[in-house]
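Single-letter residue listing:
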Amino acid sequence: MKNFSKYTWIGLTAARSNLAYFGEVASRGIFLFVILYIFLQLWRITYAQTDAEQLGGLTLAQMLWYLGITESIVLSSPQVALEVDEDVRTGALAVQLIRPLSYPLYRLWTTLGERTVRFGLNVAIASLVALLFVGTIPLTFRGILLFLAVLPLAFVLDFLATFLVGLGAFWLENTSGLMLIYSRLTMILGGMLIPLELLPENWQPILQALPFASILYGPARLFVHPDLSFAGELLMRQGVAIVVLTVLVALVYRTAVKRIHAHGG
């Protein structure tokens, strides 16, 4: 309980710190507004040209809300891999290791604190854009609860993946290339721009099984189209992916720390 309280305070401190940088928040909000407005115009033309009320089971209003959620998740992500990369290259990690803290858990709770604030602000802006241009969509209390249940797991899953990329700095001079690949895979395969239902049918089961979809597509789809069975499947996929990535992170981190001790810290 004492350790949990310690990491909770780390997360709260990170959240308060993030609120202090209003300029960054404002610039991110403007960027999100512009992106959603551009997407709205593209999808308006798409719906008009196809003469369809729904695409992938979503109306135009639901599509914009869907894009608002996926963009809010992507833009709320802290630069975990870059921070781990810098800690390794500068030797700051050696200082972190002598503290009475688990370095991975320290990074996790710092990320969750920052991301909670960023996501909340992003969703507020995305909701304002959606309400302004397409209005509301049917929302239920149960649907919101399901969304709030899967969202933290999506954040944890994304953290584990980016933290694992950052640990590559022990063997690579720079991990920015790996992070670029990961971010593009998440955007394309995770359904950030296009719901997976609009992709070829034979691809959909594979893409939904990948962890990228559990980070973006799953939570956004659940928000605009609540479904209890879909939520159960998503929670199972997220749980399995988190367990697998946690094991990988533990193995790689243990190997990496041994390299530090082998070279005298």
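Residues numbered from 1 in each chain as written. Predicted model: local features only at pLDDT ≥ 70, side-chain atom pairs only at ≥ 80, totals over all residues. Heavy atoms only, no water.

**Observations regarding the overall build of the chain**
Counting its regular elements, the chain contains 12 helices and zero strands. Reading the secondary structure of the chain in the N-to-C direction produces α-α-α-α-α-α-α-α-α-α-α-α. A compact globule built from 265 residues should have a C-alpha radius of gyration of about 18 Å, and the chain, at 20 Å, falls within 12% of that. For the chain, the C-alpha atoms occupy an extent of roughly 65 × 45 × 35 Å along the three principal directions. If you take every contact in the chain between residues at least 6 apart in sequence, the share linking residues at least 24 apart comes to 78%. Of the accessible surface of the chain, which amounts to about 13600 Å², a share of 69% is contributed by carbon and sulfur atoms. (Helix = DSSP H or I, 4+ residues; strand = E, 2+ residues; numbered from the N terminus. Rg over C-alpha atoms; globule rule 2.2 N^0.38 Å. Contact = heavy atoms within 4.5 Å. Areas by Shrake-Rupley, 256 points an atom, 1.4 Å probe, with all protein chains shown as cover.)

**Topic: the pattern of salt bridges**
Taken as a whole and judged by the stated rule, the model has five salt bridges. Asp158 is the salt-bridge partner of Arg115, the closest N and O atoms lying 2.7 Å from each other. Note that Arg115 is positioned in helix α6 (residues 103–133) and Asp158 in helix α7 (residues 141–167), a separation of 43 residues in sequence. The pair formed by Arg115 and Asp158 is uniform in burial state, with each residue classed as buried. (Salt bridge = Lys/Arg side-chain N within 4 Å of Asp/Glu carboxyl O. Buried < 20%, exposed > 50% of the residue type's maximum accessible area, 1.4 Å probe, protein only.)

**Observations concerning the packing of helix α3 (residues 60–75) against α6**
Their axes nearest at 8 Å, the elements α3 and α6 cross at an angle of 155 degrees. As judged from the angle between their axes, α3 and α6 are roughly antiparallel. Remark: the crossing between α3 and α6 carries right-handed chirality. Contact residues: Leu64, Trp65, Gly68, Ile69, Ser72, Ile73 and Leu75 in α3; Arg115, Phe119, Asn122, Val123, Ala126, Ser127, Val129, Ala130 and Leu131 in α6. Split into classes, the residues belonging to the contact of α3 with α6 amount to 11 nonpolar, four polar and one charged. (Axes fitted to C-alpha atoms, helices over the stretch in contact; angles between N-to-C directions. Parallel < 35°, antiparallel > 145°, perpendicular 65-115°, else oblique. Left-handed = near helix turned anticlockwise from the far one by under 90°. Nonpolar A, V, L, I, M, F, W, Y, C, P; charged D, E, K, R; others polar.)

**Describing the packing of aromatic side chains**
Per the stated rule, a full pass over the model turns up 13 aromatic pairs. An angle of 85 degrees between the planes, with centres 6.0 Å apart, marks the rings of Tyr217 and Phe230 as edge-to-face. Of this pair, Tyr217 sits in helix α11 (residues 217–224) while Phe230 sits in helix α12 (residues 228–262); the two residues are 13 residues apart in sequence, bridging distant segments of the chain. We note that Tyr217, like Phe230, is buried. (Phe/Tyr/Trp six-rings, centres within 6.5 Å; stacked < 30°, edge-to-face > 60°.)

**Regarding a nonpolar patch on the surface**
Judged by side-chain polarity, Ile30, Phe33, Val34, Tyr37, Ile38, Leu42 and Leu132 come together as a nonpolar surface patch covering roughly 650 Å² of accessible area. It is helix α2 (residues 22–50) that contributes the most residues to the nonpolar patch, six residues altogether. As for its position among the elements, Leu42 is in helix α2. (Patch = residues over 30% accessible without salt bridge, like charges linked within 9 Å, V, L, I, M, F, W, Y side chains within 5 Å.)

**Focus: the nonpolar core**
Judged by nonpolar contacts, the single largest core of 70 residues is most densely connected at Ile73 and Phe163. Here the element with the most residues in this core is α7; it accounts for 12 residues. (Core = buried A, V, L, I, M, F, W, Y, C linked by side-chain atoms within 4.5 Å.)

**What about helix α8 (residues 176–189)?**
With 14 residues, α8 ought to run about 20 Å at 1.5 Å a step, and its terminal C-alpha atoms sit 20 Å apart, in line with that. Every buried residue of α8 is accounted for by Tyr182, Ser183 and Thr186. The arc that holds every buried residue of α8, seen down its axis, measures 95 degrees, which confines them to one face. Opposite the buried face of α8, at more than 90 degrees from it, the exposed residues are Ile181 and Ile188. Where α8 is buried, its residues meet α7 and α10 (211–215). The positive-phi residue at the C-terminal boundary of α8 is Gly191, with phi of around 80 degrees. (Expected span 1.5 Å × (residues − 1). Arc of directions from axis to C-beta.)

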